[in-house]
Amino acid sequence: MKTLRTFLTLGLILCTLACPPSRAAEKLKALIVDGQNNHSWETTTPVLKWILEESGRFTVDVSTTPPGPPKGRLSAEQKAEHEKANAPRWAKWRPKFGDYDVVVTNYTGDRWPDEVRAAFELYVRNGGGLVIFHAANNAFPDWPEFNEMIGVGGWGGRNEKSGPMIRWRDGKVVRDESPGPGGTHGPQHEFVVEIRDTEHPITKGLPTRWLHAIDELYSKLRGPAKNLTVLATAYADPSRRAGTGEHEPMLMTIAYGKGRVFHDALGHAPASMVDIGFQATLARGTEWAATGKVTLPAPKPEEMPADKVVKREMPAKP
Ligand code: ZN
């Protein structure tokens with residue numbers, strides 16, 4: 001008995017010294033925040049979760065806020081009713097941002113409680129990772145710190161007072177201060193995403209142009225755009241409705257305090273999330289936001305070609 005115990009203890013010590021850490025211990029912790037959106041967060045969150053988990057680099061939790069108001073134009077009474085019903089739910093919603101390496105937001109909707117806003121600001125400022133996914137950049141037009149984190153955003157009354165539009169012209173970033181509303185897009189279509197910064201850890205080693213699946217081409221995003229780096233753009237062809245004739249920023253990074261933000265303007269719906277280029281840049285951007293480095297391998301050139309959409313779809317639930 002004693003021998004067995006000694007043997008087990010010895011084994012434990014040896015293993016502590018020499019055994020490789022378990023795969024789970026190596027993984028980064030990601031938190032997806034959803035619950036309200038002018039998009040179908042119910043169908044996009046599972047795809048985000050799958051992409052991150054399938055990369056082998058993350059464990060993923062989801063924190064869902066109280067529900068948004070009922071659809072349609074609401075009377076003052078209906079609005080008050082919604083707020084009253086939600087108040088105790090908001091009082092309970094306290095995501096522990098600090099427990100995670102990276103927070104991925106798939107949220108746009110009601111104002112977060114002040115306590116949550118303060119915790120979120122502190123988390124990012126102190127070095128937390130943040131990923132802004134598509135319509136999450138529509139959120140909180142009146143929250144200055146959030147707008148600094150996202151760099152640029154759309155809709156919600158954004159205009160020239162929100163900050164410039166960011167354009168890629170003649171090989172460099174131009175801040176376009178001309179007046180007008182922030183945020184537009186035409187009908188969804190497949191479009192080529194062009195990498196503009198080939199040295200950044202997120203984009204290094206990737207094919208420089210790939211055909212992205214059917215999506216909205218977000219245009220005229222506006223914001224403070226401080227400490228913003230454009231990684232990739234897409235051309236908003238003026239022959240299409242709402243086409244600006246500009247190379248619009250699609251993938252960006254923003255430095256906010258010690259925090260790293262990866263802003264991905266792509267991903268309107270699950271059908272927009274099927275191409276390997278989207279999935280690879282999302283996973284790599286999330287890893288970079290979490291750690292400042294990227295270890296995930298780049299797809300092969302034939303997996304991200306510029307002339308056809310190469311898909312990898314989330315398996316249907318059995
Ligand atoms: Zn959309």
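Residues numbered from 1 in each chain as written. Predicted model: local features only at pLDDT ≥ 70, side-chain atom pairs only at ≥ 80, totals over all residues. Heavy atoms only, no water.

**Student:** Just to check I follow, could you spell out the environment of Ala-283 for this structure?
**Tutor:** Secondary-structure assignment places Ala-283 in helix α7 (residues 276-291). Judged by relative accessible area, which is 5%, Ala-283 ranks as buried. In this structure the C-alpha to C-alpha distance between Ala-283 and Asp-170, which are 113 residues apart in sequence, comes to 29 Å. (Helix = DSSP H or I, 4+ residues; strand = E, 2+ residues; numbered from the N terminus. Buried < 20%, exposed > 50% of the residue type's maximum accessible area, 1.4 Å probe, protein only.)

**Student:** How should I be thinking about the side chain of Thr-108 in this particular structure?
**Tutor:** Structurally, Thr-108 can be placed in the loop between β3 (102-105) and α5 (114-125). Judged by its relative accessible area of 12%, Thr-108 is buried. A distance of 3.4 Å separates a polar atom in the side chain of Thr-108 from the backbone nitrogen of Ala-139. (Polar contact = N/O pair within 3.5 Å; in protein donor to acceptor, adjacent residues only side chain to side chain.)

**Student:** I would appreciate a short explanation of the coordination of the zinc ion in the present structure.
**Tutor:** Think of it this way: four donors in a tetrahedron around the metal ideally sit 109.5 degrees apart, and six in an octahedron ideally sit 90 or 180 degrees apart. The zinc ion binds to the protein through His-39 (NE2), His-134 (NE2), Glu-216 (OE) and His-268 (ND1), with metal-donor distances spanning 1.9 to 2.1 Å. With four donor atoms in place around the zinc ion and angles of 94 to 149 degrees between them, the coordination shape is irregular. For His-39, a relative accessible area of 14% gives the class buried. (Donors = N, O, S within 2.8 Å, 3.2 Å for Na, K, Ca; no water. Tetrahedral: all angles 85-135°; square planar, octahedral: opposite > 155°, others 65-115°.)

**Student:** Looking at this structure, how should I read helix α4 (residues 76-92)?
**Tutor:** Every α-helix winds through 3.6 residues per turn, so residues three or four apart in the chain are directed the same way. Between its first and last C-alpha atoms α4 spans 25 Å; for 17 residues at 1.5 Å apiece the expected length is 24 Å, and the two agree. The axis of α4 is deflected most strongly, by about 40 degrees, at Asn-86, and proline Pro-88 appears within four residues downstream. Turning to α4, its buried residues number three or more, namely His-82, Asn-86 and Trp-90. (Expected span 1.5 Å × (residues − 1). Bend = angle between axes of the 7 residues up to and from the residue.)

**Student:** Looking at this structure, how should I read the pairing of strand β6 (residues 172-176)?
**Tutor:** Looking down a regular strand, the side chains alternate between one sheet face and the other. Both strand β5 (residues 165-169) and β6 contribute to a ladder of five bridges, which runs antiparallel. Bridge pairing links Ile-166 to Arg-175 in β6. Between the antiparallel neighbours β5 and β6 lie two residues, among them Asp-170 with a positive phi of about 50 degrees. (Pairing = 2+ DSSP bridges.)

**Student:** Sorry if this is basic, but what is going on with the packing of helix α3 (residues 41-54) against α7 here?
**Tutor:** Between two packed helices, both the angle of their axes relative to each other and the distance between the axes serve to describe the pair. Between α3 and α7, whose axes approach to 9 Å, the crossing angle comes to 70 degrees. Between α3 and α7, the angle is such that the two are roughly perpendicular. Here α3 contributes Leu-48, Trp-50, Ile-51 and Leu-52 to the contact with α7, which in turn contributes Phe-278, Gln-279, Leu-282, Ala-283 and Thr-286. Partitioning the contact of α3 with α7 into residue classes produces seven nonpolar, two polar and no charged. (Axes fitted to C-alpha atoms, helices over the stretch in contact; angles between N-to-C directions. Parallel < 35°, antiparallel > 145°, perpendicular 65-115°, else oblique. Contact = heavy atoms within 4.5 Å. Nonpolar A, V, L, I, M, F, W, Y, C, P; charged D, E, K, R; others polar.)

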